[in-house]
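Letter by letter, the chains look like this.
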Amino acid sequence: MTRTTSRTLASTLLLLAGFAFSAWAGAANLSVLVLDKEGKPAPDAVVVVVPSGKPGAAPSPLPSQVTIYQEKMRFVPAVSVVGVGAKAQFVNNDPWEHHVRASAAGVAQFNAATGEGFELRLDGKPEGKPAKTADATFTKAGAVLLGCHIHGSMRGHVYVSESPWAVLTNAEGVARVEQLPEGAAQIKVWHADQLIDIAPQAYTVTASPGKLTLQLSVVPRRRRI
């Protein structure tokens, strides 16, 4: 490699590095604590940040593929967060038959005329053989309720977000949203037991790490283990 070529390559790398830095120099992190009606941490809530204007692509897009298991009469994980157009593979690890019945979550649940609706059937897993699977695609934004025709106690949810800044709260009720563009934004919180959506909250993202507390108007039911 000649000295001139080496200098040109170095200049190009510096230019690209400078572009990447400038693109995310205005990015900041936000920690959101979600509490239930009694002031206790609420796990498995979805926090969505919707920046105003055109923020550009997020550095870490939401999953475009998710696997949801049916095990011990439960959907595992109980809540998944994906982007619009994401594909899901459902796997029945139980030895008996299950269905996957999907509809809009909330007050319109299991109404075929609304939301993301589909129905799948999965035979039980034969002993010593691979589990039965079925696939579906989530084409609309919003919360999707999963159920089973045969076992009415089975409930799961998939939150399909148009904003790539959507994060599930952990066991302490905290969602950490990273690399947000600075400026005005709307903060939304969703929980499976909150049938009526909570109004979005206005927030201004700054260069400094931010903290915010949001509260549900319900006490979530304990999930069956």
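As the structure is a prediction and not an experimental result, all values here were calculated from the model.

Draft legend 1. Main features of the overall build of the protein. Assigned secondary structure in the protein consists of one helix and 16 strands. In the protein, buried positions account for 37% of the 225 residues. Here the analysis covers contacts within the protein between residues at least 6 apart in sequence; of these, 67% occur between residues at least 24 apart.

Draft legend 2. Highlighting the confidence of the model for the protein. Looking at the protein as a whole, the pLDDT averages 85, with 81% of positions reaching at least 70. Here helix H1 (residues 3-24) stands out as the least confident element of the protein, with mean pLDDT 40; strand S6 (residues 87-92) is the most confident, with 98. Confidence drops under a pLDDT of 50 for residues 3-25, and excluding neighbours within four residues, the segment shows seven contacts in the predicted structure.

Draft legend 3. Region of the structure containing the pairing of strand S8 (residues 118-122). Alternating positions in S8 separate cleanly, Phe118, Leu120 and Leu122 being buried on one face and Glu119 and Arg121 remaining unburied on the opposite face. The pairing of strand S7 (residues 98-104) with S8 spans five bridges and is classified as antiparallel. Considered in S8, the bridge of Arg101 is made with Glu119.

Draft legend 4. Representation of the packing of aromatic side chains. Counted according to the given criterion, the structure contains three aromatic pairs. Plain terms: the ring middles of Phe90 and Phe118 are 6.2 Å apart, the flat faces sit at 55° to each other, and that makes the pair tilted. One end of the pair, Phe90, is in strand S6; the other, Phe118, is in strand S8, and 28 residues separate them in sequence. Here Phe118 falls in the buried class, since its relative accessible area comes to 14%. Seen in terms of ring centroids, Tyr159 and Trp190 are 5.6 Å apart; in terms of plane orientation they differ by 45°. Their pairing is tilted. With Tyr159 in strand S11 (residues 156-161) and Trp190 in strand S14 (residues 183-190), this pair connects stretches of sequence that are 31 residues apart. A connected cluster of aromatic rings, assembled from ring pairs, spans Phe90, Phe118 and Phe138.

Draft legend 5. Geometry of the side chain of Ser161. Within the element layout of this structure, Ser161 appears in strand S11. A polar contact is formed between the side chain of Ser161 and the backbone oxygen of Ser163, at a distance of 2.6 Å. In contact with Ser161, not counting residues within four places along its chain, are Val48, Leu62, Val82, Gly83, Val84 and Ala166.

Draft legend 6. Representation of the side chain of Thr169. Tracing the backbone through its elements, the reader meets Thr169 in the loop between strand S12 (166-168) and strand S13 (174-181). One polar contact links the side chain of Thr169 to the main-chain carbonyl oxygen of Ala42, over a distance of 2.8 Å. If sequence neighbours within four positions are ignored, Thr169 has contacts with Val34, Ala42, Pro43, Asp44, Ala45, Val47, Val174 and Ala175.

Draft legend 7. Region of interest: the environment of Gln179. Relative to the helices and strands, Gln179 resides in strand S13. Distance from Gln179 to Ser60, taken between C-alpha atoms, is 8.9 Å for residues 119 residues apart in sequence.

Draft legend 8. Spotlight on the environment of Glu178. For Glu178, the position within the fold is in strand S13. Of the residues examined, Glu178 reaches a relative accessible area of 52% and is grouped as exposed. Each C-alpha atom, one on Glu178 and one on Pro59, is 9.1 Å from the other, the two residues being 119 residues apart in sequence. Those residues within four positions of Glu178 in sequence are excluded, and the remaining contacts are Ala28, Asn29 and Trp165.

Calculation rules
Residues numbered from 1 in each chain as written. Predicted model: local features only at pLDDT ≥ 70, side-chain atom pairs only at ≥ 80, totals over all residues. Heavy atoms only, no water. Helix = DSSP H or I, 4+ residues; strand = E, 2+ residues; numbered from the N terminus. Buried < 20%, exposed > 50% of the residue type's maximum accessible area, 1.4 Å probe, protein only. Contact = heavy atoms within 4.5 Å. pLDDT = per-residue confidence, 0-100. Pairing = 2+ DSSP bridges. Phe/Tyr/Trp six-rings, centres within 6.5 Å; stacked < 30°, edge-to-face > 60°. Polar contact = N/O pair within 3.5 Å; in protein donor to acceptor, adjacent residues only side chain to side chain.

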